[in-house]
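For reference, the chains in residue letters:
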Amino acid sequence: MWDHEIRAMASSHAIIAASVFMATVLPAVLLPGFSVYGSHLLWLYSVSGAVTAVSVAVFWLLGITPPTKKHTLGYKLSRLFRSCLYFFLSCLFFHTVVVLYGAPLIESALETFSLAVLLTSLTTLRCLCVLGPNVQAWIRVFSRHGAMSVWDTCLQITVACTVVGAWMGAFPIPLDWDRPWQVWPISCSLGAMIGFLTGLVAAPAWIHYHRKQLTYKCK
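Cut-off values and rules
Residues numbered from 1 in each chain as written. Predicted model: local features only at pLDDT ≥ 70, side-chain atom pairs only at ≥ 80, totals over all residues. Heavy atoms only, no water. Helix = DSSP H or I, 4+ residues; strand = E, 2+ residues; numbered from the N terminus. Rg over C-alpha atoms; globule rule 2.2 N^0.38 Å. Buried < 20%, exposed > 50% of the residue type's maximum accessible area, 1.4 Å probe, protein only. Contact = heavy atoms within 4.5 Å. Areas by Shrake-Rupley, 256 points an atom, 1.4 Å probe, with all protein chains shown as cover. Lys, Arg positive; Asp, Glu negative; His and termini not counted. Charge placed at Lys NZ, Arg CZ, Asp CG, Glu CD. Salt bridge = Lys/Arg side-chain N within 4 Å of Asp/Glu carboxyl O. UniProt positions renumbered as here; feature names shortened; annotations may be inferred. pLDDT = per-residue confidence, 0-100. Expected span 1.5 Å × (residues − 1). Phe/Tyr/Trp six-rings, centres within 6.5 Å; stacked < 30°, edge-to-face > 60°. Polar contact = N/O pair within 3.5 Å; in protein donor to acceptor, adjacent residues only side chain to side chain.

A. Region of the structure containing the overall build of the chain. Within the chain one finds eight helices and zero strands. Along the chain, helices (α) and strands (β) appear in the sequence α-α-α-α-α-α-α-α when read from the amino end. On C-alpha atoms alone, the chain measures out to a radius of gyration of 18 Å, which is about the 17 Å that the 2.2 N^0.38 rule sets for 219 residues. The C-alpha extent of the chain, read off along each of the three principal axes, is 50 × 45 × 35 Å. The proportion of buried residues among the 219 residues of the chain is 42%. Residue pairs at least 24 apart in sequence account for 71% of intrachain contacts in the chain once pairs closer than 6 positions are excluded. Surface summary for the chain: the accessible area is close to 12,200 Å², and the carbon and sulfur share equals 71%. Across the chain, 14 positive and 7 negative side-chain charges occur, with their mean positions spaced 21 Å apart.

This is how it looks when you write it as structure tokens:
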């Protein structure tokens, strides 16, 4: 049971993980002096763009993206606009949350917003791809026992891993180790990326291991 969905999930996650690898390696090959630490914002936007483009393409090809109820051009444009709006609002939300947790308000505003863009690309974008611009469906998935498919369960795991990774990445920042990766927001973005990649591996593995116990009810 669920074997086909699990294989599709594992394949899509492998492709997305490969896009992260390519977005890290290609700039290092093409741009002299590029490094994840020294050119962190460039790496951050490179990875965010790669994950966004590949995720949208992969989920669309797999047919995971929920179908539109109407086929008119106006409805599709409205749906696209709402998705872009939710993406931008998510960036503002993550930016606000990070500032409330102690990030510099003005001094490093660009770095903080860039981290928010990365977090949005790794979390909110997946919600848009799997559930569409439907806030009620998002609330349902992240509520207790709200998953209605293996893809909903996958969302829960990957989003949780990404957020926890970013949170744990903040712990080394105040320590006086004087390491280059302690500069804001390098450790947080690296933590988010490590958490995201961990979630890509953990989600299909956990679902496969518990596939016989998984039961989903339509709500």
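After that view of the structure, there is still more to cover.
B. Fine view of the pattern of salt bridges. The full count for this structure, using the stated rule, is one salt bridge. Of the charged contacts in the structure, one is a salt bridge between aspartate 152 and arginine 140, with a shortest N-O distance of 2.7 Å. With a gap of 12 residues between them, aspartate 152 in helix H7 (residues 150-169) and arginine 140 in helix H6 (residues 135-141) connect regions that are remote in the sequence. A residue is classified by how much of its surface remains accessible, and arginine 140, at 22% relative accessible area, is partly exposed.

C. Region of interest: the UniProt feature "transmembrane region" (unreviewed entry) in the chain. The UniProt record annotates "transmembrane region" (unreviewed entry) at residues 12-30, 42-63, 84-106, 112-132, 153-171 and 183-207. Secondary structure content for residues 84-106 is 74% helix and 0% strand, while the C-alpha to C-alpha distance between its ends is 25 Å. End C-alpha atoms of residues 183-207 are separated by 37 Å, and the span's content is 88% helix alongside 0% strand.

D. Main features of the confidence of the model for the chain. In this model, the chain carries an average pLDDT of 89, and 94% of its residues clear a pLDDT of 70 or more. Across the chain, helix H4 (residues 109-122) holds the top mean pLDDT of 95, while H6 sits lowest at 90.

E. Molecular detail of helix H1 (residues 3-30). A rise of 1.5 Å per residue sets the reference length of H1, with its 28 residues, at 40 Å; its end C-alpha atoms lie 40 Å apart and thus fit the reference within 8%. Considered for burial, the residues of H1 that qualify are Ile6, Ala8, Met9, Ser12, His13, Ile16, Ser19, Val20, Ala23 and Pro27. Along its buried surface, H1 packs onto helix H2 (40-62), helix H5 (124-131), H7 and helix H8 (186-209).

F. Structural view of the packing of aromatic side chains. Scanning all chains against the criterion turns up four aromatic pairs. With a centroid separation of 5.9 Å and 75° between ring planes, the pair formed by tyrosine 86 and tryptophan 138 is classed as edge-to-face. You can see tyrosine 86 sitting in helix H3 (residues 73-100) and its partner tryptophan 138 sitting in helix H6, a full 52 residues away along the chain.

G. Fine view of the side chain of threonine 120. Mapped onto the fold, threonine 120 is located in helix H4. The exposure class assigned to threonine 120 is buried, which follows from its relative accessible area of 0%. Among the polar contacts listed, one links the side chain of threonine 120 to the side chain of serine 90, at a separation of 3.1 Å. Here cysteine 91 takes part through its backbone nitrogen, which lies 3.3 Å from a polar atom of the side chain of threonine 120. Those residues in contact with threonine 120 that lie beyond four places of it in its chain are Phe87, Ser90, Cys91, Phe94 and Leu125.

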